[in-house]
Amino acid sequence: NAGVTQTPKFQVLKTGQSMTLQCAQDMNHNSMYWYRQDPGMGLRLIYYSASEGTTDKGEVPNGYNVSRLNKREFSLRLESAAPSQTSVYFCASSEVVRTEAFFGQGTRLTVV
Amino acid sequence: RKEVEQDPGPFNVPEGATVAFNCTYSNSASQSFFWYRQDCRKEPKLLMSVYSSGNEDGRFTAQLNRASQYISLLIRDSKLSDSATYLCVVSGGGGSYIPTFGRGTSLIVHP
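From a predicted model like this one, the values you see are computed outputs, not experimental measurements.

When you go through chain B residue by residue, the secondary structure sums to zero helices and eleven strands. Taking 111 residues into account, the globule formula puts the C-alpha radius of gyration at 13 Å, and chain B, at 14 Å, falls close to it. The principal-axis extents of the C-alpha atoms in chain B amount to approximately 45 × 30 × 20 Å. Across the 111 residues that make up chain B, the buried fraction comes to 45%. Put simply, 58% of the contacts in chain B that link residues at least 6 apart link residues at least 24 apart. Only carbon and sulfur atoms are counted for the fraction: they give 47% of the accessible area of chain B, which is about 5300 Å². Here chain B holds 11 positive side-chain charges and 10 negative ones, and the gap between their average locations is 4 Å.

We now examine the sheet that holds strand β7 (residues 64–68) of chain A. Residue and element names in this part refer to chain A. Taken in spatial order, the four strands line up as β1-β3-β8-β7 in an open sheet, and their pairing is antiparallel. Looking at which strands have only one partner, the edges of the open sheet turn out to be β1 (4–7) and β7. Across this sheet, the average inter-strand angle for adjacent strands is 15 degrees, counted without regard to direction. Where β1 meets strand β3 (residues 19–25), four bridges bridge the pair, whose relative direction is antiparallel. Its bridge partner being in β3, T7 is matched across the sheet by Q22.

Bring the parts together and some accessible area is lost; that lost area is often taken as the interface size. Each partner contributes residues to the interface: chain A has 19 residues there, and chain B has 16 residues. Summing both sides of the interface, chain A and chain B together bury roughly 1700 Å²; the carbon and sulfur share of this comes to 57%. Between chain A and chain B we count zero salt bridges in total. At the level of secondary structure, the elements contributing two or more residues to the side of chain A that touches chain B comprise β4 (31–38) and β5 (42–49) of chain A. Take the side of chain A that touches chain B: its biggest share by element is four residues, from β5(A). Of the residues that constitute the side of chain A that touches chain B, the class distribution is ten nonpolar, six polar and three charged.

As a further point, take the state of the cysteines. Residues and elements named next belong to chain A. The tally for this structure, following the rule as stated, stands at two disulfides over all chains. Note on cysteine connectivity: C23 is disulfide-linked to C91, with sulfurs 1.8 Å apart. Negative torsions about the S-S bond denote left-handed disulfides, and the value of about -75 degrees found for C23 with C91 makes this one left-handed. Of this pair, C23 sits in strand β3 while C91 sits in strand β9 (residues 87–94), placing them 68 residues apart in sequence.

Counting 23 residues, the largest nonpolar core has B:F21, B:W35, B:I71, B:L73, B:I75, B:Y86 and B:L107 as the members making the most contacts within it. Elements represented by at least two residues in this core include exactly β3 (19–25), β4 (32–38), β7 (60–65), β8 (70–75), β9 (84–91) and β11 (105–110) of chain B. Within the second largest apolar cluster, 20 residues are counted, among which are A:C23, A:M32, A:Y47 and A:A81.

Moving on, we get to the layout of surface pockets. The volume enclosed by the largest pocket comes to roughly 560 Å³. Around the largest pocket sit 28 residues that line it, and A:Q37, A:P39, A:G40, B:Q38 and B:T85 are the ones nearest its centre. Put simply, the parts of the chain that give the lining of the largest pocket at least two residues each are β4 and β9 of chain A together with β1 (4–6), β9 and β11 of chain B. Lining the second largest pocket are 14 residues; nearest its centre among them are A:L45, A:G58, A:E59, B:E3 and B:T100. Of all elements in the fold, only β5 of chain A together with β10 (100–101) of chain B reach the threshold of two or more residues within the lining of the second largest pocket. When residues of the lining of the second largest pocket are assigned to their parent elements, the largest contribution, three residues, is made by β5(A).

Parameters and conventions
- Residues numbered from 1 in each chain as written.
- Chains lettered and ligands numbered in written order.
- Predicted model: local features only at pLDDT ≥ 70, side-chain atom pairs only at ≥ 80, totals over all residues.
- Heavy atoms only, no water.
- Helix = DSSP H or I, 4+ residues; strand = E, 2+ residues; numbered from the N terminus.
- Rg over C-alpha atoms; globule rule 2.2 N^0.38 Å.
- Buried < 20%, exposed > 50% of the residue type's maximum accessible area, 1.4 Å probe, protein only.
- Contact = heavy atoms within 4.5 Å.
- Areas by Shrake-Rupley, 256 points an atom, 1.4 Å probe, with all protein chains shown as cover.
- Lys, Arg positive; Asp, Glu negative; His and termini not counted.
- Charge placed at Lys NZ, Arg CZ, Asp CG, Glu CD.
- Pairing = 2+ DSSP bridges.
- Axes fitted to C-alpha atoms, helices over the stretch in contact; angles between N-to-C directions.
- Buried area = accessible area lost by both parts, 1.4 Å probe.
- Salt bridge = Lys/Arg side-chain N within 4 Å of Asp/Glu carboxyl O.
- Nonpolar A, V, L, I, M, F, W, Y, C, P; charged D, E, K, R; others polar.
- Disulfide = S-S within 2.5 Å.
- Core = buried A, V, L, I, M, F, W, Y, C linked by side-chain atoms within 4.5 Å.
- 1 Å grid on protein atoms, 1.4 Å probe; cavity = no way out; pocket = protein on both sides within 12 Å on 5 of 7 lines; lining within 4 Å.
- Points joined across faces, edges and corners; volume = space filled by probe spheres on them.

In C-alpha cells, the structure reads:
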C-alpha cells in the first residue's frame, strides 16, 4: 500500500541544470498536484492536473513544466534550475479536487 | 490577502492542556475544509475533515463557522506526540476546487 511515491528524495543541482521529479500514485485518483514548501511560506501550488489529460498552472508555475503521463503519474520538470527553486517539493493526489489530498514523502532539492 | 490565514504560533503548552487554533478563509463560496498535521521534515497528513455541523475524533474537535468564514481545531488533553504543525486547508468555490493551504500553526507540547 504505497499511496503516493516520489523520486528522488534528495537532489542537489547546479544552477542551469535540468531535472525531472517523478510522482506516481496507486489509489486510482483523478487529481494530482505539485506543491513547494518554503520556510514561512507554507505549501504553494505549482501545477495541478484535475484529471488525466489536463494540466493547469497554480500559484507559482514560473520555471516549471509538468506532464500527466497517465492516470498514475505526474512529473515536474525544472528546465534550468535556479537557487530560488531550492525547496521541498510535494506531490499529492486526490479522488477529485474537492476531496482530501494524500501526499508523497517529498523531494528536498537544493540548487547551488 | 492570503486566501487562508493562520496564526503561525508557536503555541507552547504543557501536557494535558487544551489548545485551540483558528483559521480564516477569504472565499465565501468554499466548500471543503480540512485540518492536516505535518511533523518536522515529513509530508502533511490528513488529521480530519471539517463538517458544517462540527465533528469530533477522540481528543480533537473541528468546527466550521461559515458566517464568519473560519474553522477551528480544539485539542484536549494535549500529549507530547501532538507536537507538530497544523495546516488548515480550504477548497471549492467559484469553480475552483484546488486545495489551498494555510501556512500552518506550530504546536509544542512540553512535559
